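What follows is each chain in one-letter form.
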Amino acid sequence: MSRRLDALASMRTVLAAPRDGVASTASRMLRSIVRVLFPWLVVVLVWEAAARAGYVNVTLFPPPSHFIRYVIENDFRFGIGPQGVTMWASILSSLLRVLVGLALGFVAALATGLLLSTWPAGRNFIMPLLQGLAPIAPIAWIPLGIVLFGVGNKTAIFIVFVGVFFVLTIATTVAVSSVDQKLIKSARTLGASGPQIWTTVVLPAVLPQVFTLLRINFFGAWMAVLAAEMVGLKNGLGAIIIMGREMFDTDLILVGMCLIGACGYAVDSLLLAIQRSVLWWKEPT
Amino acid sequence: MTLLKAVQITKVWEGARGLSVKALDNVSVEADNGAFVAILGPSGCGKSTLLEIIAGLEAPTTGDVRMDGRTVTEASPERCMVFQDLCLFPWLSVFDNVAFGLRRRGIARAELKERVDEVLDRVGLSRFAGHFPHQLSGGMKQRVAIARALVQKPRLLLMDEPFAALDFQTRVLMQHFLLEVWESFGTTIMFVTHHIDEAILLADTVYVMSAGPGRIVDCVDIELPRPRSYTTDAFNQYRVALTEQMEREVMRTYQPLAAAE
Ligand SMILES: Nc1ncnc2c1ncn2[C@@H]1O[C@H](COP(=O)(O)OP(=O)(O)OP(=O)(O)O)[C@@H](O)[C@H]1O
Ligand SMILES: [Mg+2]
């Protein structure tokens with residue numbers, strides 16, 4: 001009897017083919033990198049060709065070969081004298097700001113959302129406040145952040161934090177109320193206590209949904225950090241662009257823009273990779 | 001000896017805008033220690049509601065459920081339930097799904113591994129311990145859900161139409177598998193189904209329910225030797241008798257279109 005079940009079962013695994021081998025993972029990664037880079041390669045080639053042929057003014061709108069040479073010749077340093085910064089320091093400070101803000105906002109929103117879901121009175125009081133605060137775009141928080149925290153990392157982190165915290169807290173409470181009641185009932189008949197149900201059923205059930213919203217809200221937060229760096233903060237990728245404008249150095253402006261795009265894309269890919277590997281039980285959208 | 005007794009259970013679901021549904025009306029069922037009890041009824045007659053009340057997941061409007069003579073007030077792994085739609089945790093592997101209840105109760109790691117491995121072996125899923133629910137077929141998921149309940153060593157196993165979604169062949173396999181499990185674990189089973197054949201094949205006692213609101217209309221003891229087969233004459237006599245009865249019940253509540261107007 002159970003041998004027959006076994007045979008049935010093993011037939012099914014062959015068909016289902018669970019995790020693929022290492023080799024195919026590597027080749028799939030390579031293929032997806034090529035798929036992403038190819039359109040950019042075409043754009044760059046057209047741009048370069050247009051510049052060589054004289055259709056584009058190289059001083060006003062330098063092609064990649066021009067501003068990449070500029071970066072290398074300047075030894076990856078921008079600006080003059082004490083105001084100079086390295087490219088790596090700028091990337092690092094922008095990325096750190098956004099990642100720290102996202103992480104704090106995500107954890108705080110999950111905790112607050114779960115807490116509010118268990119506490120109806122608090123939820124009724126706080127929800128209208130959150131719903132009023134959530135639509136304020138992260139960028140709109142910049143002036144208040146600078147007044148409260150001065151020009152520095154704290155302000156940038158604050159802006160990212162408020163940019164995701166309110167939205168994700170609301171999303172968490174919504175996700176909690178839509179958790180399949182049958183999963184909770186299953187846990188109860190298996191002997192899980194009330195608090196255990198929150199940590200071992202509700203939390204994993206809502207994580208993918210809340211994380212998806214984190215990814216969506218990342219772009220707003222990223223833009224806000226750059227805007228903050230452009231208007232007040234003295235360093236980071238946003239500051240590079242402003243430095244370029246002040247020095248009327250289009251090479252520098254374009255380098256800043258490219259780095260912003262690449263870093264934003266990298267963080268989004270990182271978030272997607274986290275979602276795929278840690279929160280895989282719900283297909284990311 | 002009687003293990004569980006549900007006495008005169010009535011359940012009214014309070015709906016929005018004052019709409020309420022009487023799902024169960026004065027329903028009494030009982031299960032002896034070690035018995036296999038089936039509850040047979042049409043869709044919507046309140047079978048799931050009844051099981052959830054017996055499990056202690058929902059409170060009856062009136063009446064009570066007694067296990068060993070004590071009134072049931074809350075869910076307990078003693079009365080473990082396998083749900084109609086299985087409800088495996090999608091984020092846990094087969095092993096961790098089965099271990100879920102033991103972990104929550106703080107069972108020591110070595111004992112936990114031993115118990116889970118043993119049950120997985122019993123249901124023929126040892127090789128799939130590391131797989132996740134979405135990688136399994138319907139029948140395999142079914143066995144994980146049953147294993148997850150069995151590992152608790154429940155005294156009463158409540159099963160809500162567990163095989164309804166399976167094709168005929170897989171269902172037959174699973175029915176025999178369940179009987180093997182029942183015989184070797186000695187667990188009392190209360191099994192909800194809308195298949196007449198399934199009830200006769202599995203149960204010692206079949207409660208027949210009718211819909212709107214759900215009531216018990218009959219209780220039939222199946223006195224067939226095991227192992228049973230769908231194709232014997234004796235089986236067929238039960239089949240005919242139960243089918244006639246269910247047909248009568250349906251016709252009693254059936255209103256021809258013309259008459260309804
Ligand atoms: N949580 C609930 N809230 C309100 N009404 C409910 C709830 N659960 C069930 N009902 C109602 O109670 C009645 C019985 O439902 P139940 O699910 O117990 O039937 P069932 O016999 O299990 O049906 P099926 O065979 O389709 O699973 C139905 O009319 C249903 O609409
Ligand atoms: Mg049901």
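Okay, so let's go over this structure. Because the structure is a prediction, the values reported are computed rather than measured. (Residues numbered from 1 in each chain as written. Chains lettered and ligands numbered in written order. Predicted model: local features only at pLDDT ≥ 70, side-chain atom pairs only at ≥ 80, totals over all residues. Heavy atoms only, no water.)

## A closer look at the sheet that holds strand E10 (residues 215–221) of chain B
Residues and elements named next belong to chain B.
Okay, step 1: Taken together, six strands build an open sheet; the order of strands is E6-E7-E8-E3-E9-E10 and the sheet is mixed. Looking along the sheet, the strands with just one partner apiece sit at the ends: strand E6 (79–82) and E10. Across this sheet, the average inter-strand angle for adjacent strands is 20 degrees, counted without regard to direction.
Okay, step 2: Judged from the five bridges that link them, strand E7 (residues 156–160) and strand E8 (residues 188–193) form a sheet pairing that is parallel. Counterpart to Met-159 in the pairing with E8 is Phe-191.
Okay, step 3: Running over the sheet, helix H7 (residues 233–253) touches strand E3 (36–40), strand E9 (205–210) and E10 and is turned about 170 degrees from E10. (Pairing = 2+ DSSP bridges. Helix = DSSP H or I, 4+ residues; strand = E, 2+ residues; numbered from the N terminus. Axes fitted to C-alpha atoms, helices over the stretch in contact; angles between N-to-C directions. Contact = heavy atoms within 4.5 Å.)

## Regarding the coordination of the magnesium ion (ligand 2)
Residue and element names in this part refer to chain B.
Okay, step 1: Coordination of the magnesium ion (ligand 2) by the protein is provided by Ser-48 (OG) and Gln-84 (OE1), with metal-donor distances spanning 1.9 to 2.4 Å. Taken together, the residues Ser-48 in helix H1 (residues 47–55) and Gln-84 in the loop between E6 and helix H2 (94–104) connect sequence positions 36 residues apart.
Okay, step 2: Looking at Ser-48, the relative accessible area reads 23%, which means it is partly exposed.
Okay, step 3: Taking the relative accessible area as the measure of exposure, Gln-84 reaches 37% and is therefore partly exposed. (Donors = N, O, S within 2.8 Å, 3.2 Å for Na, K, Ca; no water. Buried < 20%, exposed > 50% of the residue type's maximum accessible area, 1.4 Å probe, protein only.)

## As for the interface of chain A and chain B
Okay, step 1: Taken together, the contact between chain A and chain B spans 29 residues of the former and 38 residues of the latter.
Okay, step 2: For the pairing of chain A and chain B, the buried interface totals around 3100 Å² over both sides, and the portion due to carbon and sulfur atoms is 68%.
Okay, step 3: Across the chain A-chain B interface, the total number found is two salt bridges.
Okay, step 4: A salt bridge links Glu-58 of chain B to Lys-185 of chain A, with the nearest nitrogen and oxygen atoms 3.0 Å apart.
Okay, step 5: Secondary-structure elements contributing two or more residues to the side of chain A that touches chain B are helix H1 (2–16), helix H8 (181–189) and helix H9 (194–231) of chain A.
Okay, step 6: Among the residues making up the side of chain A that touches chain B, the classes are represented as 15 nonpolar, seven polar and seven charged. (Buried area = accessible area lost by both parts, 1.4 Å probe. Salt bridge = Lys/Arg side-chain N within 4 Å of Asp/Glu carboxyl O. Nonpolar A, V, L, I, M, F, W, Y, C, P; charged D, E, K, R; others polar.)

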